[in-house]
Amino acid sequence: MDGKCILRMCDITKTFPGMIALNKVCFDLNEGEVHVLVGENGAGKSTLMKILCGVYGKDNGKINLCGVDVEVKDTKHAEGLGISMIHQEFNLLPFRNVAQNIFLGREPVKGPLKVLDEERMHKEAKSLLLSLGLNLDTKTLVKELGVAQRQMVEVAKALSMNAKVLIMDEPTATLTTREIEQLFATIASLTNKGVSIVYISHRMEEIFRIADRITVLRDGLFVATVEDPSSITMDELVAMMVGRRIEKRFEKPPVELGKEVLRVDGLSSGGKFEDISLYVREGEIVGISGLVGAGRTEVARAIFGADPKDKGKISLFGKEIKAGNPGTMVSKGVGFVPEDRKEQGLALIMSVKDNIVQASLDKVSTGPFINGPKEKKVAKRYVDELRVSTPSVQKLAKFLSGGTQQKVVIAKWLASGSRVLIFDEPTRGIDVGAKQEIYKIMGDLVKDGVGILMISSELPEIISVCDRIYVMHEGRITGEVMQTDANQELILGLAMGKEVVQ
Amino acid sequence: MKRRDIERTAGRPRFRVSGVLIAIIAVVGVFSFTAKGFFSLANFANIALQGSVLFIAALGMTLAILSGMIDLSIGGVMTLAGVITALALKAGLPPILAILAGLAAGSLCGAFTGYLVSSWGFHHWIATFGMMGISQGIALVVTQGSSVSGFSRAFRNIGDSTIIGIPVPVLIAAATFAIIAFVLYRTRFGSNMYAIGGSEQVARYSGINSSKMKLSVFVLTGLLAAVAGIVLTSRMNSANPTAGMGYEFDSIAAVIIGGTPITGGRGGVKGTFLGAFIISILKNGLNLVGLSSPWQLTIIGAMITGAIIVDVITHSKR
C-alpha cells in the first residue's frame, strides 16, 4: 500500500552525557507501510523511536505528524496522538487478565458511580483480539500466555488506543518460526487498515521480506533511506551499516600462544544459547561478537558458573569442571569482569582497597582475621601496577571515573590470581584515553600468559584487540574469524545471521 | 487439562481462599474439642467482635500491600486516633465531632506519609516506620502516658450495642469491607492499585499517576486505622496510649495469610477477611486453652511462613 506521508521527523538531535546519540537524523513514514530501521548496536535506532513515543525528550529537531508539528511530552501524549511502541520487554502486568491489561488505566466505566464496565471491557478486548486473528479468553491472566500471545495483547492494546503509528522493537527476537509467520500476517492486515509500522530488526531475511522501505543509521547519523529494498543486496545493506571506519586502535604485543586454558564443549542453556564450543589459549585474546541479545553475556555467565547450564562441558587447564559455581571458578583462577560494572563489578560504597581484596580475602588473612597491613599492601601493589588513579586506597569506588572503576575490577581478579579473564564489554562508557589503558593492561596480561575471553559490541574494537573472534547470532556461534581475515562487513553479516560461504 | 485449570486459578483468590478455609475448619475443629467454652454462640460473637477491629485495620493494610507498599504505622495511628477522639469527648465535644476529629487525625497521618512517599520519593518502609514512631509518640505525649477512660453512653454504643442482634463493630466492619471491596474490584481507582503494585513502570507507561495513587492509598490506610482505633476505644470504654501496638503485625499477618503477597499486584480484601478471621479464632482459642500471647505470636508467625511457602509453591511453576 502506497500512502501519503503521515510522519516526518527532521534533524532530530539528542545528546546524553558524554555522547551524541543522534545527530540531525531524519526519518519519515508513509501511511500503511512497513518501514524498517536498521543499524549496529548503538546506532541510535531505539533512541530515535523512544523520542517519537515520548520516552525521551529531544534536544533539537522537529516532529511533524499528519501535517501538524507536535511536541511529544510523554508516552501518554504519544498514545493520544496515535503513536504506540511495543517494547522488547513487554509492558504487561502478569497477574492481571488480558482485558485488564489492554485497557489498563483507561478502563471503560458506566453510571454515575463510574463502576467498571467489565462486560464492555471484555467484549471490546475480545473483538480487538479477533481482529488480530487470535481467539483468546480475555479473562486469562497474562502470566499464562506465551511470548507470541503477549505480543498480540500488546498490539491489541495499541489498537485500542487507535494507534496510527506502531513501533515494533525487534518483535521476532523471541518468537518461533510459526509465530513469526503469524506476526507477519498480523502486520499485513494492520498495514491494509492504514496503520504504519516502524520495524526495528537485526534479521536480514525478515528485513528484506517485509520492508517497504529501509532506513539505515550509523553512530547516531542518518545514512540513507532505501526506497526500494529489492534494488540492493544484503552485502550492500551491511556495508551501509558499517561504513568505512578503518582505525587501528591497539597493537597487541606479539605473544607466543601456549596451552589451552579454557575449553567449552557443546554448552547449552534452555532457549538462551545452544551448542556453544570455544577455546582460549595462554596469551590469547579471544573475542565474542554479536548483536545485543545474541546470548553472549549469557554464555559468559554460564562459563563463570553464575547461571546454570543444561548441557555441555567446561574445562580449565585441561581438567573438566563438573559443578561450576563462581566460587569454584574463582578458586581455579577464573575472573569475570561484568558488563554492568556498577551493579555486578564492584561494590560502589566500598573502598578501592576492599574492592580489590574482595575475591582474595584468604590471601590477606591471618587465620580467621583479616590482616589490615597485608590487605593494604596488596591493594597498593595493584593500584600501582595498573596505575589506578585514586588519591588513596581508602577512596570509595563510587567517586572514581568509569575507566578507573574498571581498573579496580581488573585489579580484584589479578589479586585473586586469575589466569583466565572474561571481559564483558570492558570499555563501555569509558573515555578514549582510559580505553587505551584498558587495552594496554590486557596486552600486559597476555604477555604474562593469561588467557582472555572478551565480549564486545564495538566492531573496530573487537577486530583490533582479538586474535580470534567467535560470532554469535541468536544463541549460536555462526562463525569463527581470525584477526587477519576479520573485517566489519564479514562479522556484522555473521552477527545478523547471513549465510556465509567460505 | 486439570493441571492447567489449577494453574489458571492460582493467582485468583479462590484457590488460596479454599486453603485458608480448610485451615479455619481445622482450627475450629481442634479448639472445639480442646478449649472449654470455645464452641458456643456467645464465644463466636466474641470472636467476631474482637476480629472486627483487626479486620478494619487489615483492610487498610491490604490496600497498601496490594499497591506494592506496606504501612507500618497502622498500630500507632490507631492509638493516636483513639486518643484524640477520647480527649475530644473529655473536652465535652459531641460524639460525632469527636469521632470526626479522630478520623481526621488518622487521615492526616496517612496524608503526611503519602506526601513523603509520593512527593519526596521516600521509601514507603521508612516513611511509615517514621510515622509509626511519631503517632505512637504523640499519643503518649498528649495523654502523659495514662489511659483516658469513661465515656458517654452515646459513644459507648458503637462498641457494645447490637442492632438486630449483631454487634455494632461487626456491622461497621462489614460496611467498611463492602465499601473497600467495591472500590477495589469495581472502580478504575481499585484497578490502578493492582497496576502500581504489579509494576509501577507499566502503570506509569499506561498513563496512571502513580504518585497520586500512593498518596491516596496512604490516606485510606490512615483513615481505616482511625476507624479501627475509634471502635476499639469505644469497646474498651478507654483509650490506652499503647492500645494499637501489635496491630501492624496482626494486620500484615492477616493480609499475607489471606493470599496477598508482600510484593503486591495481586490478591485482595476477600482473602484478608479469612486471614483476619483465622487469626481472631486462633487468639481466642489459644486464650481459652491457656496459651499466652507469646505462644500466639509464635503460632501466627509460623502461619505467615506457611502462607509464604504455599505462595512460593503455587507460583514457582512456570
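Residues numbered from 1 in each chain as written. Chains lettered and ligands numbered in written order. Predicted model: local features only at pLDDT ≥ 70, side-chain atom pairs only at ≥ 80, totals over all residues. Heavy atoms only, no water.

**What about the overall build of chain B?**
Phase 1: Scanning chain B from N- to C-terminus turns up 14 helices and four strands.
Phase 2: In terms of overall size, chain B behaves like a compact globule, its C-alpha atoms giving a radius of gyration of 19 Å where 318 residues would be expected to give roughly 20 Å.
Phase 3: When each of the 318 residues of chain B is scored for burial, the buried share is 51%.
Phase 4: Within chain B, residue pairs in contact and separated by at least 24 positions form 77% of the contacts whose partners lie at least 6 positions apart.
Phase 5: Of the side-chain charges in chain B, 22 are positive and 8 negative, and the distance between the mean point of each set is 6 Å. (Helix = DSSP H or I, 4+ residues; strand = E, 2+ residues; numbered from the N terminus. Rg over C-alpha atoms; globule rule 2.2 N^0.38 Å. Buried < 20%, exposed > 50% of the residue type's maximum accessible area, 1.4 Å probe, protein only. Contact = heavy atoms within 4.5 Å. Lys, Arg positive; Asp, Glu negative; His and termini not counted. Charge placed at Lys NZ, Arg CZ, Asp CG, Glu CD.)

**Observations concerning the overall build of chain A**
Phase 1: Along the backbone of chain A there are 17 helices and 24 strands.
Phase 2: The C-alpha radius of gyration computed for chain A amounts to 25 Å, which stays within 12% of the reference 23 Å derived for 502 residues, consistent with globular compactness.
Phase 3: In terms of principal-axis extent, the alpha carbons of chain A reach across some 75 × 55 × 45 Å.
Phase 4: Expressed as a percentage of the 502 residues in chain A, the buried residues total 55%.
Phase 5: Within chain A, contacts between residues at least 6 apart in sequence are counted, and of these 67% link residues at least 24 apart.

**A few points about the interface of chain A and chain B**
Phase 1: With 29 residues of chain A at the contact, the number on the chain B side is 27 residues.
Phase 2: Looking only at chain A, the three residues that lose the most surface to chain B are Phe95(A), Arg96(A) and Glu144(A), adding up to 24% of its buried area.
Phase 3: On inspection of chain A and its partner chain B, the count reaches one salt bridge.
Phase 4: Salt-bridge contacts for Glu107(A) lead to Arg188(B); the nearest nitrogen and oxygen are separated by 3.8 Å.
Phase 5: Inspection of the chain A/chain B interface yields four residue pairs in polar contact (both at pLDDT 80 or more).
Phase 6: Breaking the side of chain A that touches chain B down by element, the ones donating at least two residues are helix 2 (75-80) and strand 8 (115-116) of chain A.
Phase 7: In terms of residue count, the dominant contributor to the side of chain A that touches chain B is helix 2 of chain A (three residues).
Phase 8: Class assignment of the residues belonging to the side of chain A that touches chain B gives a composition of twelve nonpolar, six polar and eleven charged. (Buried area = accessible area lost by both parts, 1.4 Å probe. Salt bridge = Lys/Arg side-chain N within 4 Å of Asp/Glu carboxyl O. Polar contact = N/O pair within 3.5 Å; in protein donor to acceptor, adjacent residues only side chain to side chain. Nonpolar A, V, L, I, M, F, W, Y, C, P; charged D, E, K, R; others polar.)

**Structural notes on the pattern of salt bridges**
Residues and elements named next belong to chain A.
Phase 1: One pass over the full model with this rule turns up 31 salt bridges over all chains.
Phase 2: Notably, a salt bridge pairs Asp 265 with Arg 263, separated by 3.6 Å at the nearest N-O pair.
Phase 3: You can call Arg 263 partly exposed: its relative accessible area is 29%.
Phase 4: Put simply, Asp 28, Glu 33, Arg 213 and Glu 227 are held in one network by salt bridges that share partners.

**Some words on the sheet that holds strand 15 (residues 285-290) of chain A**
Residues and elements named next belong to chain A.
Phase 1: In space, the six strands of this open sheet follow the order 18-21-22-15-23-24, with mixed pairing throughout. This sheet does not close on itself; its edge strands, each paired only once, are strand 18 (334-337) and strand 24 (476-482). Between one strand axis and the next, the sheet turns through 20 degrees on average, direction left out of account.
Phase 2: Pairing of strand 18 with strand 21 (residues 420-424), which is carried by four bridges, proceeds in the parallel orientation. In the sheet register, Val 337 faces strand 21, and the bridge partner there is Phe 423.
Phase 3: Helix 9 (residues 296-304) rests against strand 15, strand 18, strand 21, strand 22 (451-455) and strand 23 (468-473) of the sheet, and its axis sits at about 150 degrees to strand 18.
Phase 4: Seen against the sheet, helix 17 (residues 488-495) touches strand 15, strand 23 and strand 24 and runs at an angle of roughly 35 degrees to strand 23. (Pairing = 2+ DSSP bridges. Axes fitted to C-alpha atoms, helices over the stretch in contact; angles between N-to-C directions.)

**Description of the confidence of the model for chain B**
Phase 1: Scored by pLDDT, chain B has a mean of 89; 93% of the residues are at 70 or more.
Phase 2: The ipTM, which scores confidence in the relative placement of chains, is 0.79 for this predicted complex, and the corresponding pTM is 0.77. (pLDDT = per-residue confidence, 0-100.)

**Structural notes on the nonpolar core**
Phase 1: Grouped together as the largest cluster of nonpolar side chains are 125 residues, with contacts concentrated most on Leu262(A) and Ile452(A).
Phase 2: Counting residues in each nonpolar core, the second largest holds 85 residues, with Ala57(B), Ala139(B), Ile158(B) and Val255(B) among its members. (Core = buried A, V, L, I, M, F, W, Y, C linked by side-chain atoms within 4.5 Å.)

**Description of the sheet that holds strand 16 (residues 311-316) of chain A**
All names here are of chain A.
Phase 1: Taking strand neighbours across the sheet as the criterion, the four strands line up as 14-13-16-17 in an open arrangement whose pairing is antiparallel. Looking along the sheet, the strands with just one partner apiece sit at the ends: strand 14 (273-281) and strand 17 (319-321). Between one strand axis and the next, the sheet turns through 20 degrees on average, direction left out of account.
Phase 2: Note: strand 16 against strand 17, three bridges, orientation antiparallel. Across the sheet, Ile 314 pairs through a bridge with Ile 321, a residue of strand 17.

**Some remarks on the environment of Leu63(B)**
Residue and element names in this part refer to chain B.
Phase 1: Tracing the backbone shows Leu 63 in helix 3 (residues 41-66).
Phase 2: Along the sequence, Leu 63 and Ala 307 sit 244 residues apart, while their C-alpha atoms lie 19 Å from each other.
Phase 3: Contact partners of Leu 63, with chain neighbours within four places excluded, come to Ile 180, Leu 184, Met 193, Val 217, Leu 220 and Leu 224.

**Here's the deal with the pairing of strand 22 of chain A**
Where a strand is regular, its side chains alternate between the two sheet faces.
Residues and elements named next belong to chain A.
Phase 1: For strand 22, a buried count of five out of five residues is recorded, marking the element as mostly surrounded by other parts of the structure.
Phase 2: Alignment of strand 15 against strand 22, held across four bridges, turns out to be parallel. Considered in strand 22, the bridge of Ile 285 is made with Ile 452.
Phase 3: Note that strand 21 and strand 22 share five bridges and pair parallel. Bridge pairing in strand 22 links Leu 421 to Ile 452.
Phase 4: In this region the chain leaves strand 21, passes through helix 15 (residues 432-447) and returns to the parallel neighbour strand 22; the handedness of that crossover is right-handed. (Right-handed = clockwise from strand over helix to strand, strands pointing away.)

**Examining helix 1 (residues 45-52) of chain A**
Residue and element names in this part refer to chain A.
Phase 1: Of all eight residues that make up helix 1, six are buried, and the element is covered over most of its length.
Phase 2: By the burial criterion, the buried members of helix 1 are Lys 45, Thr 47, Leu 48, Met 49, Ile 51 and Leu 52.
Phase 3: A positive backbone phi angle near 85 degrees is found at Gly 54, which sits one or two residues after helix 1.

**A closer look at the side chain of Lys435(A)**
Residue and element names in this part refer to chain A.
Phase 1: Among the structural elements, Lys 435 can be located in helix 15.
Phase 2: Accessibility expressed as a relative area gives 15% for Lys 435, which makes it buried.
Phase 3: Among the polar contacts made by the side chain of Lys 435, one reaches the side chain of Glu 458 at a distance of 3.2 Å.

**Details of the packing of aromatic side chains**
Phase 1: Scanning the model with the defined rule gives twelve aromatic pairs over all chains in all.
Phase 2: Ring centres of Phe38(B) and Phe44(B) lie 5.9 Å apart, and the angle between their planes is 85 degrees; on these two criteria the pair is classed as edge-to-face.
Phase 3: For Phe44(B), a relative accessible area of 29% gives the class partly exposed.
Phase 4: Ring plane angle 70 degrees and centroid distance 5.5 Å describe the contact between Phe55(B) and Phe273(B), whose orientation is recorded as edge-to-face. Of the two residues, Phe55(B) sits in helix 3 while Phe273(B) sits in helix 13 (residues 269-288), which places them 218 residues apart along the sequence.
Phase 5: For Phe55(B), a relative accessible area of 7% translates into the label buried.
Phase 6: Site record: aromatic cluster; members linked through ring pairs are Phe31(B), Phe38(B), Phe39(B) and Phe44(B).
Phase 7: Its end group placed over the ring of Tyr279(A), Arg468(A) keeps NZ or CZ at 4.0 Å from the ring centre. (Phe/Tyr/Trp six-rings, centres within 6.5 Å; stacked < 30°, edge-to-face > 60°. Lys NZ or Arg CZ within 6 Å of the ring centre and 35° of its normal.)

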